[in-house]
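# Descriptive analysis of the structure
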Amino acid sequence: MRFRHPDGSTVHLAYCTNVHPAETLEGVRAQLRDHCEPVRRRLGRDRLGIGLWLARDAARTLINDPAELRALRAELDSRGLEVVTLNGFPYEGFGSDEVKYRVYRPDWTEPDRLAHTTDLARLLAALLPDDATEGTISTLPLAWRTPYDGDPGAAHTARAALTTLAQRLDALAELTGKSIRVGLEPEPGCTVETTADAIAPLTDVAHDRIGICVDTCHLATSFEDPCTALDALAAAGIRVVKSQLSAALHADHPHLPEVRTALAAFAEPRFLHQTRTRTAAGLRGTDDLDEAVAGRALPDSTPWRAHFHVPLHAPPAPPLTSTLPVLRDTLARLVGGPVPLTRHLEVETYTWQALPAELRPRTRTQLADGIAAELTLARDLLVDLGLKELP
């Protein structure tokens, strides 16, 4: 979906396909047929943006076979789908029964991360619509904090990898005329947990093609104020290359038994749900939701937030809620001003099938309806901010 900002530029809205796990190119094509095109039809649009997730094996197939890449581009066109952004965070196995800590490997100290991200940049340059010259990729925020933070050489290795990536993106732009930018995506528990944590490493790389991806669920989970965070990034000269529109799980009164019970329903074995609370002494947290609800790992006199991407249009029932207000505030700051701070927005609720059983979609039809409802909410927010939806 495309929108005209009051300054005349085009803002793109997509939804991320990591909600439809696929490790192979055949699986990606099935996603387009079974999920993405039906969502587009529900929205009544001739064109729908998708934030494509390409696992390692699918990406390598496309890199090694130009005919397959041309065929994928043609299929996107025929189904009324377009790609200006990729989710490069998960490497493989995102549809596994247990993902948890595995999603952080390989990290930016390992050659496979650089190789995969380079592949994605090359593919995105070929998949961009004919009238688009800019593409973006979100990626791992360097590494999970352990063992990275205890390794004195890790920061140097990661910085060198990002510098090499920036050089490759420069060369790609020279070759193709397509400008691809990559954004580190701060996430609780990682060495870059907050936007503030991103400033030093990105200043060290000091290249316009490497910036930040602001995920509004992660921002909220870490209790960051959107305006403060974005102003600090702007002051440091760090570009917001894309933003993922998502909402976290919020509990106002975690000391109450009924609140603990409600939260426990969202503790599940597939994904990691880092949980945080803000106290007078600073931010406190656990690596997963079950650690928080099971005992006294977290102070419970202040609200808790958990890294669980809940559907934008359907916050959980009381006594829980979502951090949709943080998303609204962030979006207003990103695109509500005289000039957009980013032009690539991506709804990223990958946890539909991890919701409590009674909230999960049971059919493809229900899932498509839910994704379309999320995109409709995001569209309405953009229109309310003065953007005009384009055909």
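See the structure above.
My aim in this report is to walk through the structure given alongside it, one point at a time.

Cut-offs applied
Residues numbered from 1 in each chain as written. Predicted model: local features only at pLDDT ≥ 70, side-chain atom pairs only at ≥ 80, totals over all residues. Heavy atoms only, no water. Helix = DSSP H or I, 4+ residues; strand = E, 2+ residues; numbered from the N terminus. Buried < 20%, exposed > 50% of the residue type's maximum accessible area, 1.4 Å probe, protein only. Contact = heavy atoms within 4.5 Å. Axes fitted to C-alpha atoms, helices over the stretch in contact; angles between N-to-C directions. Parallel < 35°, antiparallel > 145°, perpendicular 65-115°, else oblique. Left-handed = near helix turned anticlockwise from the far one by under 90°. Nonpolar A, V, L, I, M, F, W, Y, C, P; charged D, E, K, R; others polar. Phe/Tyr/Trp six-rings, centres within 6.5 Å; stacked < 30°, edge-to-face > 60°. Lys NZ or Arg CZ within 6 Å of the ring centre and 35° of its normal. Salt bridge = Lys/Arg side-chain N within 4 Å of Asp/Glu carboxyl O. Core = buried A, V, L, I, M, F, W, Y, C linked by side-chain atoms within 4.5 Å.

Across the chain, the bulk of peptide bonds are trans and the bulk of non-glycine residues have phi less than zero. A cis amide bond links Arg105 to the next residue, Pro106, at an omega of -10°. Along the chain, the position of Pro106 falls in the loop between β4 (81-87) and α4 (111-127). In the Ramachandran plot, Lys100 falls in the positive-phi region, its phi being about 45° despite a non-glycine side chain. One can find Lys100 in the loop between β4 and α4. For Phe223, which is not glycine, the phi dihedral falls at a positive 55°. Tracing the sequence through the fold places Phe223 in the loop between α8 (216-221) and α9 (226-235). Looking at Phe223, the relative accessible area reads 11%, which means it is buried.

Relative to the helices and strands, Val259 resides in helix α10 (residues 257-264). Separated by 84 residues in the primary sequence, Val259 and Arg343 have C-alpha atoms spaced 38 Å apart. With residues near it in sequence (within four places) discarded, Val259 still touches Ala251, His253, Pro254, Pro319 and Leu320.

Describing two packed helices takes the angle between their axes plus the distance from one axis to the other. Viewed as axis vectors pointing N to C, α4 and helix α6 (residues 154-176) meet at an angle of 20°, and their least axial separation amounts to 10 Å. Taken together, α4 and α6 sit at an angle that is classed as roughly parallel. Once α4 is placed against α6, the crossing between them reads as right-handed. In this structure, α4 uses Leu114, Thr117, Thr118, Ala121, Arg122 and Ala125 to contact α6, whose residues at the interface are Ala161, Thr164, Leu165, Arg168, Leu169, Leu172 and Thr176. Considered class by class, the residues forming the contact of α4 with α6 number 7 nonpolar, 4 polar and 2 charged.

This next bit is on the packing of aromatic side chains. What characterises a pair of aromatic rings is the spacing of the ring centres plus the angle enclosed by the ring planes. In the structure shown here, the tally under the stated rule is 8 aromatic pairs. Considering the side-chain rings of Tyr104 and Trp144, the 4.8 Å spacing of their centres and the 35° angle between planes classify their relative orientation as tilted. Of this pair, Tyr104 sits in the loop between β4 and α4 while Trp144 sits in the loop between β5 (134-139) and α5 (145-148), placing them 40 residues apart in sequence. Tyr104 sits in the buried class, given a relative accessible area of 2%. Joined through ring pairs, the aromatic side chains of Trp53, Phe94, Phe271 and Tyr350 make up one cluster. Across the ring face of Phe223, the terminal group of Arg305 is positioned such that the distance to the ring centre comes to 4.4 Å.

We now examine the pattern of salt bridges. Side chains carrying opposite charge are able to pair once their charged atoms draw close together. With the rule as written, the count across this model stands at 32 salt bridges. Put simply, Glu82 and Arg47 hold a salt bridge, and the shortest N to O gap is 3.9 Å. Here Glu82, found in strand β4, pairs with Arg47, found in the loop between α1 (25-43) and β3 (48-52); they are 35 residues apart in sequence, far enough to count as distant. Exposure remark for Arg47: the relative accessible area of 27% places this residue in the partly exposed category. In this structure, Arg60 engages Asp119 in a salt bridge whose closest nitrogen and oxygen atoms are separated by 2.5 Å. Residue Arg60 is located in helix α2 (residues 56-64), and its partner Asp119 is located in helix α4; the two are separated by 59 residues in the primary sequence. Sharing partners across several salt bridges, the network here consists of Arg29, Glu37, Arg40, Arg41, Glu68, Glu75 and Arg79.

Soluble globular proteins tend to pack their nonpolar side chains together in the buried interior. Formed by 115 residues in total, the largest nonpolar core has its most connected members in Leu13, Tyr15, Trp108 and Leu375. Considering every element that reaches this core, the biggest residue donor is helix α13 (residues 364-384), with 9 residues. Leaving out residues up to four positions away in the same chain, Tyr15 has contacts with His20, His35, Cys36, Val39, Leu48, Gly49, Ile50, Gly51, Glu346, Val347, Ile371 and Leu375.

So yeah, pure geometry; function would need other evidence.
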